[in-house]
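Chain and residue survey
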Amino acid sequence: MPIRLFIIFLLTFTSCDTGSEKNGANPGDLGDVSTDNKGINNAGKDQNFEVLITKSSFDNFEALEKEWNYNYPWGSDHNGSARMTTSTQNHDQISLDNGVLTITATPLMGDAGKSSHPPYLKIKYHAASLHAKQVIQVNRGYPKYELSGEFKAPVDKGTWPAFWITAVNGWPPESDILEFKGDSLNWQNTFITPKDVFTEKTAVPDAPLKWHKYSAVLEMIDDQDIMITYYTDGERTASHKANFTDKPMWVIINLQMEGSSGSPGPSSPVTYQSRNVELIRYRNQ
Ligand SMILES: *[C@@H]1O[C@H](CO)[C@@H](O)[C@H](O)[C@H]1NC(C)=O
Ligand SMILES: *[C@@H]1O[C@H](CO)[C@@H](O)[C@H](O)[C@H]1NC(C)=O
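A separate point is the overall build of the chain. On a plain count of helices and strands, the chain comes out with three helices and 17 strands. Among the 285 residues that make up the chain, the fraction classed as buried is 51%. Pairs at least 24 apart in sequence give 66% of the contacts found in the chain among residues at least 6 apart. Of the accessible surface of the chain, which amounts to about 12,900 Å², a share of 49% is contributed by carbon and sulfur atoms.

Taken together, His78, Asn79, Trp160, Ala162, Trp164, Glu174, Asp176, Glu179 and Phe191 make up all the residues around ligand 1. Between an oxygen atom of ligand 1 and a side-chain N or O atom of Glu174, the distance comes to 2.6 Å. Within the side chain of Asp176, a nitrogen or oxygen atom sits 3.2 Å from an oxygen atom of ligand 1. In the complex, 76% of the free accessible area of ligand 1, which totals 360 Å², lies under the protein chains. Those elements that place two or more of their residues in the shell around ligand 1 are strand S9 (159-167) and strand S10 (174-179). Considered class by class, the residues forming the shell around ligand 1 number four nonpolar, two polar and three charged.

With that settled, consider the pattern of salt bridges. One pass over the full model with this rule turns up eight salt bridges. Between Arg83 and Asp77 there is a salt bridge, and its shortest N-O distance comes to 2.8 Å.

The subject of this paragraph is the nonpolar core. Counting 56 residues, the largest nonpolar core has Trp68, Ile136, Phe163, Leu218 and Val251 as its most contacted members. Considering each element in turn, this core owes the most residues, seven residues, to strand S16 (residues 249-257).

The strand order across the open sheet formed by seven strands is S2-S7-S16-S9-S10-S11-S12, and the pairing between neighbours is antiparallel. Both outer strands of the open sheet, strand S2 (68-70) and strand S12 (197-203), are each paired with one neighbouring strand and no more. For this sheet, the mean angle separating the axes of adjacent strands, direction not counted, is 20°. As defined by bridge partners, strand S11 (residues 185-191) adjoins S12 across seven bridges and the pair is classed as antiparallel. Looking at the pairing, Trp187 lines up with Lys201 of S12.

Right, let's get into the pairing of S11. Within a regular strand, the side chains alternate between the two sheet faces. Among the seven residues that make up S11, five are buried, leaving the element largely enclosed by the rest of the structure. The sheet contact formed by S10 and S11 spans two bridges and is antiparallel. When the bridges of S11 are listed, Glu174 appears paired with Phe191. In textbook terms, the turn of a hairpin is the stretch between consecutive antiparallel strands, and for S11 and S12 this stretch comprises five residues.

Mapped onto the elements of the fold, Leu130 is located in strand S7 (residues 129-132). When the C-alpha atoms of Leu130 and Thr86 are compared, they prove to be 8.8 Å apart, with 44 residues separating the residues in sequence. Sequence-distant contacts of Leu130, that is, excluding residues within four places in its chain, are made with Phe58, Leu64, Trp68, Asn69, Tyr70, Asn71, Leu101, Val251, Ile252 and Ile253.

Within the structure shown, the criterion is met by nine aromatic pairs. Taken together, a centroid distance of 6.0 Å and an interplanar angle of 45° make the contact between Phe49 and Tyr282 tilted. You can see Phe49 sitting in strand S1 (residues 49-53) and its partner Tyr282 sitting in strand S17 (residues 270-282), a full 233 residues away along the chain. Here Tyr282 falls in the buried class, since its relative accessible area comes to 6%. Note that Lys144 overlies the ring of Tyr282, its terminal NZ or CZ placed 4.8 Å from the centroid. Over the aromatic face of Tyr142 sits the side chain of Arg281, whose NZ or CZ is 3.7 Å from the ring centroid.

We now examine the site of ligand 2. The full set of residues close to ligand 2 is Pro173, Thr193, Asn243 and Lys247. When ligand 2 is considered free in solution it has 370 Å² of accessible area, and contact with the protein chains removes 48% of it.

A word on unusual backbone geometry. In this model, Trp171 is joined to Pro172 through a cis peptide bond whose omega is -15°. With respect to the helices, strands and loops of the structure, Pro172 is situated in the loop between S9 and S10. At the junction of Ser263 and Pro264, the peptide bond is cis and its omega measures out at 5° in the coordinates. Take Pro264: it is sitting in the loop between S16 and S17. One non-glycine residue, Asp233, lies in the positive phi region at around 50°. Residue position: Asp233 is located in the loop between strand S14 (226-232) and strand S15 (235-242). At Asp246, a residue that is not glycine, the phi angle is positive and equals roughly 65°.

The rules behind the values
Each chain carries its own residue numbering, running from 1 in the written order of its sequence. To read the labels, note that chains go from A and ligands from 1, taken in the order they are written. The predicted nature of this model means local features are confined to residues of pLDDT at least 70 and side-chain atom pairs, given and counted, to a pLDDT of 80 or more, with totals for whole chains, interfaces and linings taken over all residues. Heavy atoms from the whole structure form the basis of all side-chain values; hydrogens and water molecules are not counted. Secondary structure elements are taken from DSSP: a helix is a run of H or I of four residues or more, a strand is a run of E of two residues or more, and numbering for both begins at the N terminus. Burial here depends on accessible area, computed with a 1.4 Å probe over protein chains only, as a share of the maximum for the residue type. Under 20% is buried, over 50% is exposed, and the range in between is partly exposed. Any pair of residues with heavy atoms lying within 4.5 Å of one another is described as a contacting pair. Residue exposure ignores everything except the shown protein chains as possible cover, and the areas themselves are Shrake-Rupley values with a 1.4 Å probe. When at least one non-hydrogen atom of a residue lies within 4 Å of a molecule or strand, that residue is treated as near it. In the analysis that follows, any N or O atom pair within 3.5 Å is treated as a polar contact, provided that within protein one partner can donate a hydrogen and the other can accept it, and provided that, for residues neighboring in sequence, both atoms belong to side chains. Under the scheme applied, nonpolar residues are Ala, Val, Leu, Ile, Met, Phe, Trp, Tyr, Cys and Pro; charged residues are Asp, Glu, Lys and Arg; polar residues are all the others, including Gly. Take a side-chain nitrogen of Lys or Arg and a carboxyl oxygen of Asp or Glu: if they are within 4 Å of each other, that pair is a salt bridge. Among the buried residues, those of types Ala, Val, Leu, Ile, Met, Phe, Trp, Tyr and Cys that are joined through side-chain atoms within 4.5 Å form a nonpolar core. When DSSP finds at least two bridges between two strands, those strands are taken to pair. For helices, the axis comes from a line fit to the C-alpha atoms of the stretch in contact; other axes are also lines fit to C-alpha atoms, and the angle between any two N-to-C directions lies between 0 and 180 degrees. We call Phe, Tyr and Trp rings a pair once their centres come within 6.5 Å, taking the six-membered ring for Trp, and we label the pair stacked below 30 degrees between planes, edge-to-face above 60, and tilted otherwise. We call a charge positioned over a ring when the NZ of a Lys or the CZ of an Arg lies within 6 Å of the ring centre and within 35 degrees of the ring normal.

This is how it looks when you write it as structure tokens:
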């Protein structure tokens, strides 16, 4: 884009938080983990935003099943050694308590076959994954989305927790808001192509012990590009430009195992917890 437009864009972009206050709503609240979102309760037709995933979606299974589906959009297996087995009838790998979702990966005894997805790893764990019923699709009608959640993420070798968004059609787009690969570095990645990837790594030494907030703001630049800005505990970590305008993308929370996070993974159960997950979409006005 022309340099002048780009500067205007930068100015608009860096002031986006105050911009939302101007509208009488402050739904993003990226700056403070402990503050509740004001404005959500007032969200209605006359507001310029809608809450697509509510902070109460982990209050009970009825609330969860209203906003989330079990497993990956494509099934139970992916690129690690855990198979996602949760369903409406089977809650062995997940529990809800006081608004907190706990996913447990449990090591298996005996042969459970191989993952049906590349690189076809041997299945060694049962675990859980959720994907939101609402997708993210940044376009002229909905030029801005905010996605955030608080997590306690395992960092042991062979544990691969993620909070991420990925293409509905083909792949990429992909954007990882939380991805730990067997140590305490959080990888916030934006996949433009399988090989053209922006990566920002942030050390979160107490990631499994303390709640940390991981967020992304996705904003349309033009008919091709969006800007994805990542945050950890309200601090901006990176901004990545990506050609994801109008591409539908799933929101996924999962505890995968081994694969990119090393092997062998743990020989006893591990947990990944989340709460206050929220997705807000802004209307064009
Ligand atoms: C494997 O899954 C993780 C999320 O758990 C994702 O970040 C990564 O890009 C995936 N890799 C491939 C090759 O699909
Ligand atoms: C984004 O651009 C790259 C080329 O830089 C292209 O290979 C890719 O398919 C584009 N992605 C989308 C979602 O259009």
